[in-house]
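Here is how the chains run, residue by residue.
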Amino acid sequence: MKIPTVQIPITEIPLEKNIQLFLKREDLIHPHISGNKYWKLFYNINNYLAKSPENPLLITFGGAFSNHIAAVAALGKEENIPTLGIIRGEELQEKWCENPTLKLAHDNGMQFRFVTREDYRKKVILTRNFFEEFPNALIIPEGGTNENAVNGIQHMLPEETKSFDYLCTAVGTGGTVAGISKFAAENQQVLGFKTVDDSSLNDTVFELSERRNFKLLEAHDGGYGKISEENIRFINNFKAKFDIQLDPVYTGKMMRQLFTMIESDYFPPGSKILAFHTGGLQGIFGANELLKKQKRELIKIG
């Protein structure tokens, strides 16, 4: 993987308050390895390939609509490295081809192992077992979060981001917000919008960043992957007004909560806020399949 030479745009979102809000379009960094996933994988892959492993293989973990699974599969295809996805949920084994994310990953060459939810929670045991089976493989944790991933996030913070008072990102496994926290300027406050109901994330982020310049806020709408009617309406209205597509699991929830905070005067007048669009747009297709079955309003695309 090479650091892209493309300039990532920072787009202003006009507001009717004495506050400036901008969105850094990390979703545009790569056509298939989207947003923060590119940077979380950057050092993991480069450090692994620098060792010239014999019979290289990338192994990682994820659920049915995992952006991380899709990104690793795309990266494997691009770098000509076989990939193996450990997928949560045995029930998917006979119908994975009906799932847009897994079908996309498979089309990019990824093979699957489906495990029960109970076994999936035992990541330490699973990781050890797969390392014994594939000793030359790189085993990447769920969501890609580890020290290499945190260090990769520094590339989301070039010089032009140093002038902002607040840096905002959606939070899943905590790697992205930890990286932003670790590499933020001294005067910047980092806000993480939790898309999972996980009380351990504060400790996880601090262990990875070793700084206390962040605050985690609830934005999960009742749980990871839950899609409320309010969230669908917000995403569709945001697309119509600003011509920027948000996803329902991460950026949609973050931006909706951020707008609520701005309206509630959470930020002092004159504040300059930068939110990161971390990609994940492939997840819309799977979300719409579920919404269609539930006969609910769909997320508009294009």
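Residues numbered from 1 in each chain as written. Predicted model: local features only at pLDDT ≥ 70, side-chain atom pairs only at ≥ 80, totals over all residues. Heavy atoms only, no water.

Asks: Sorry, what's going on with the packing of helix 2 (residues 67-79) against helix 3 (residues 100-107) here?
Replies: Between helix 2 and helix 3, the least distance of the axes is 8 Å, while the angle of their chain directions is 15°. As the angle between them shows, helix 2 and helix 3 are arranged roughly parallel. Helix 3 is crossed by helix 2, and the crossing has left-handed handedness. Here Ile 69, Ala 70, Ala 73 and Lys 77 of helix 2 come into contact with helix 3, specifically with Thr 101, Leu 102, Leu 104, Ala 105 and Asp 107. Looking at the contact of helix 2 with helix 3 residue by residue, the classes come out as six nonpolar, one polar and two charged. (Axes fitted to C-alpha atoms, helices over the stretch in contact; angles between N-to-C directions. Helix = DSSP H or I, 4+ residues; strand = E, 2+ residues; numbered from the N terminus. Parallel < 35°, antiparallel > 145°, perpendicular 65-115°, else oblique. Left-handed = near helix turned anticlockwise from the far one by under 90°. Contact = heavy atoms within 4.5 Å. Nonpolar A, V, L, I, M, F, W, Y, C, P; charged D, E, K, R; others polar.)

Asks: Before we go on, may I ask you to explain the UniProt feature "active site" (unreviewed entry) in the protein chain in this structure?
Replies: UniProt's feature table lists "active site" (unreviewed entry) at Ser 66, given in the numbering used throughout. Relative to the elements of secondary structure, Ser 66 occurs in the loop between strand 3 (58-62) and helix 2. By relative accessible area, which is 11% here, Ser 66 ends up buried. With residues near it in sequence (within four places) discarded, Ser 66 still touches Thr 101 and Gln 282. Among the polar contacts made by the side chain of Ser 66, one reaches the main-chain amide nitrogen of His 68 at a distance of 3.1 Å. (UniProt positions renumbered as here; feature names shortened; annotations may be inferred. Buried < 20%, exposed > 50% of the residue type's maximum accessible area, 1.4 Å probe, protein only. Polar contact = N/O pair within 3.5 Å; in protein donor to acceptor, adjacent residues only side chain to side chain.)

Asks: Would you take a moment to explain helix 11 (residues 283-293) for this structure?
Replies: Residues lying three or four places apart along an α-helix face the same way, a consequence of the helix completing one turn every 3.6 residues. All of the buried residues in helix 11 are Gly 283, Ile 284, Gly 286, Ala 287, Asn 288 and Leu 291. Residues of helix 11 that are buried in the fold lie against helix 2, helix 3 and helix 9 (229-242). Two residues or fewer after helix 11 comes Lys 295, characterised by a positive phi angle close to 55°.

Asks: Just checking my understanding: could you explain the domain arrangement of the protein chain for this structure?
Replies: Often, the extent of an interface is quoted as the loss of accessible area upon association of its parts. Its domain assignment divides the protein chain into domain 1 (10-32 + 156-294) and domain 2 (37-140). Inter-centroid distance (C-alpha atoms) of domain 1 to domain 2 is 25 Å. Between domain 1 and domain 2, the contact holds 16 residues from the first and 13 residues from the second. Summing both partners gives a buried area of about 1,100 Å² for domain 1 against domain 2, and 59% of it is carried by carbon and sulfur. By the criterion of area lost to domain 2, the three top residues of domain 1 are Ile 29, His 30 and Gln 282, representing 40% of everything that side buries. Seen at the junction of domain 1 and domain 2, the total is zero salt bridges. Applying the counting rule to domain 1 against domain 2 returns four residue pairs in polar contact (both at pLDDT 80 or more). Secondary structure elements with two or more residues in the side of domain 1 that touches domain 2: helix 7 (175-183) and helix 11. (Domains from an automatic or database assignment. Buried area = accessible area lost by both parts, 1.4 Å probe. Salt bridge = Lys/Arg side-chain N within 4 Å of Asp/Glu carboxyl O.)

Asks: Could you clarify how one ought to interpret unusual backbone geometry in this entry?
Replies: Of all residues except glycine, most have a negative phi; of all peptide bonds, most are trans. Even without being glycine, Asn 80 reaches a positive phi, approximately 60°. With respect to the helices, strands and loops of the structure, Asn 80 is situated in the loop between helix 2 and strand 4 (83-88).

Asks: What is the right way to look at the packing of helix 1 (residues 36-49) against helix 2 in this model?
Replies: A packed helix pair is summarised by two numbers, namely the angle formed by the two axes and the spacing between the axes. Where helix 1 meets helix 2, the axes come as close as 11 Å, and the angle between the chain directions of the two elements is 45°. Between helix 1 and helix 2, the crossing angle belongs to the class labelled oblique. Note on packing geometry: the crossing formed by helix 1 with helix 2 is right-handed. The segment helix 1 lies against helix 2, with Lys 37, Leu 41, Ile 45 and Leu 49 engaging Asn 67, His 68, Ala 71, Val 72, Leu 75 and Glu 79. Per-class residue counts for the contact of helix 1 with helix 2 are six nonpolar, two polar and two charged.

Asks: I keep staring at the pairing of strand 1 (residues 10-13) and nothing clicks. Help me out?
Replies: Walk down a regular strand and you will see the side chains alternate between the two sheet faces. Summarising the sheet, strand 1 and strand 2 (residues 20-24) pair through four bridges and their orientation is antiparallel. Residue pairing for strand 2: Glu 12 is matched across the bridge by Phe 22. The loop that links strand 1 with its antiparallel partner strand 2 comprises six residues. (Pairing = 2+ DSSP bridges.)

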